[in-house]
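# Examination of the molecular architecture
Each chain, letter by letter, is given below.
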Amino acid sequence: MNISHNYQLLPLSPDSLYLDITNPRFFGDRGAPTLSDSALDDPHAQEVTRRYLLRAHAVRNLVESILRMGFLPFDRIVVRLFAPGKYIVVEGNRRVAAIKTILGDTKRKVLSPEPHILAGLDKVEVLNLQAPAGQVETASLLIQGVRHISGVRNWGPYQQGRLIHVLVDKEGMKQSEAALAVGLSPGRVGVLLRAFYGMQQMMEDPEFGKRADTSLLSCFEYAYGKLPVRAWLGWDDEARKYVNEDILRFFYRCIIPDESLGKARFQARDIRDLLPEVVENEAALARLMDSADITGAYALLRAQSSRAAFFDHIRAFLDTTENSFSGVSEMGDQELELLKRLHAMTNSILSQQ
């Protein structure tokens, strides 16, 4: 089916825009409102939908972004007429929910947006879908599918980090302001910014700079985000760089592809899941520095944990049973077999010492 129908550009009041109360993004959502199409223009159904989007689909981030930057109409909201003067939102429900939240909270004196921000919300330019009769519902669903399945591709971590770097270091924004502007949490902005600094530090390294690929930013994201790894590499927040140079070069060698292996020794998930524990264990860290084998180092750490757990179990067993068997004189075959197995195991261990 062709969805390149006529679209009419209209400036509409947010009051004439109705959230899609059966939005496909709700399908499969636990806790999503279950509403009938017949309730589309019911104020209660609209409010339930707005609150759900606000709570479950990160609309609060959009609210904060609009309050900071204004409403940016680059990606048009798509609507279709369902009653005289009333339009259901086909694409852009989160943005419309954010606009309605700002206007409602302003009316209730919960918010006091800048006048120019409010002026930009008085009329919203939308694309009114004008499909042939009988094709409107299908066309609407296809527009949503194309937009969310094969539509705009999200920026990767490096592109996100670079944007935050520009906003903070070149435009002079505070990190909290940059977070509002791009719709991320302040904590996430802080991690991405420092990951970008780490990536830049590698790019400027005379030995490894030529091999620093932007895809490695996830490695620096986890390196900073995991406190033991951050400390191991020696992050200096004032200098905006890592200062344990020998360790840092070892780290660089491990995150770039190794020709003998055909891949890097450290994958981003290894830095996230394995490295924090390894660097806090003296024996495992020694194994890592000697072999650059993070899987082997982690296996040693797990073996140590298993050994410690084994002797903890023995200690607990002795503490609770040492005196309770003093009066046992007669045992059945099964009980004797258990004791023989225990005797054989302890003899085997002691013979190796």
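Residues numbered from 1 in each chain as written. Predicted model: local features only at pLDDT ≥ 70, side-chain atom pairs only at ≥ 80, totals over all residues. Heavy atoms only, no water.

### Some remarks on the sheet that holds strand β1 (residues 6-12)
Condition: One requirement defines pairing of two strands: DSSP has to find at least two bridges between them. Strands are runs of DSSP state E lasting at least 2 residues, helices are runs of H or I lasting at least 4, and numbering of each runs from the N terminus. Contacts are assigned to residue pairs with any non-hydrogen atoms lying within 4.5 Å of each other. Inter-axis angles, ranging from 0 to 180 degrees, are taken between N-to-C directions of lines fitted to C-alpha atoms, where helices are fitted over the stretch in contact.
The strand order β1-β5-β3-β4-β2 describes an open sheet built from five strands, whose pairing is mixed. The sheet is open, and its two edges are formed by β1 and β2 (17-18), each paired on a single side. Pairing between strand β3 (residues 77-83) and strand β4 (residues 86-91): five bridges, direction antiparallel. Bridge pairing links V78 to E91 in β4. Packing against the sheet, helix α3 (residues 93-107) makes contact with β2, β3, β4 and β5 (124-130), and its axis sits at approximately 130° to β4.

### Regarding unusual backbone geometry
Operational definition: Each residue gets one of three labels from its accessible area relative to the maximum for its type: buried under 20%, exposed over 50%, partly exposed in between, using a 1.4 Å probe on protein chains only.
A positive phi is found at K109, a non-glycine position, where the angle reads about 65°. Mapped onto the secondary structure, K109 falls in the loop between α3 and α4 (115-119). Despite not being glycine, R240 shows a phi value in the positive range, around 60°. Judged by relative accessible area, which is 41%, R240 ranks as partly exposed.

### What to know about the pattern of salt bridges
Pairing between side chains of opposite charge can happen when the charged atoms of each approach one another. Note the threshold: Whenever Lys or Arg places a side-chain nitrogen within 4 Å of a carboxyl oxygen from Asp or Glu, that contact is recorded as a salt bridge.
Counted by the stated rule, this structure contains 14 salt bridges. Between E221 and R188 there is a salt bridge, with the nearest N and O atoms lying 2.4 Å from each other. Linking E221 in helix α9 (residues 217-225) with R188 in helix α8 (residues 186-203), this pair joins segments that are 33 residues apart in sequence. Residue R188 is classed as partly exposed on the basis of its relative accessible area, which comes to 27%. Connected through salt bridges with shared partners, the residues E47, R50 and R51 form a single ionic network.

### Re the packing of helix α1 (residues 43-56) against α3
For clarity, the threshold we go by: For classification purposes, an angle smaller than 35 degrees is called roughly parallel, one larger than 145 roughly antiparallel, one from 65 to 115 roughly perpendicular, and anything else oblique. Ten residue types, Ala, Val, Leu, Ile, Met, Phe, Trp, Tyr, Cys and Pro, are classed as nonpolar, four, Asp, Glu, Lys and Arg, as charged, and the remainder, Gly among them, as polar.
Two elements in contact, α1 and α3, have axes separated by 10 Å at closest approach and are oriented at 105°. It follows from the interaxial angle that α1 and α3 lie roughly perpendicular. Facing α1, whose interface residues are R50, L53 and L54, α3 presents N93, R94, A97, K100 and T101. Tallied by class, the residues present in the contact of α1 with α3 amount to three nonpolar, two polar and three charged.

### Considerations on the nonpolar core
Side chains of nonpolar character tend, in soluble globular proteins, to be buried together. Formally: Among the buried residues, those of types Ala, Val, Leu, Ile, Met, Phe, Trp, Tyr and Cys that are joined through side-chain atoms within 4.5 Å form a nonpolar core.
Core analysis: the largest hydrophobic core is formed by 51 residues, its most contacted members being M202, F220, W232, F251, F266, L275 and L288. When residues in this core are grouped by element, the largest group, eight residues, is from α8. For M202, the contacting residues outside a window of four places in its chain are F208, G209, R211, A212, L216, F220, Y252, I255 and I256. Counting residues in hydrophobic clusters, the runner-up holds 25 residues, among them L10, A32, V79 and Y87.

### Describing the environment of M202
If you trace the backbone, M202 turns up in helix α8. By relative accessible area, which is 0% here, M202 ends up buried. Each C-alpha atom of the pair M202 and Y242 lies 9.9 Å from the other, and the pair is 40 residues apart in sequence.

### Things to note about the pairing of β5
With seven bridges connecting them, β1 and β5 associate as antiparallel partners. From the neighbouring strand, Y7 faces β5, where its bridge partner is L129. Taken together, the three bridges between β3 and β5 define a ladder with parallel strand orientation. Opposite I77, over in β5, you have V126 as the bridge partner.

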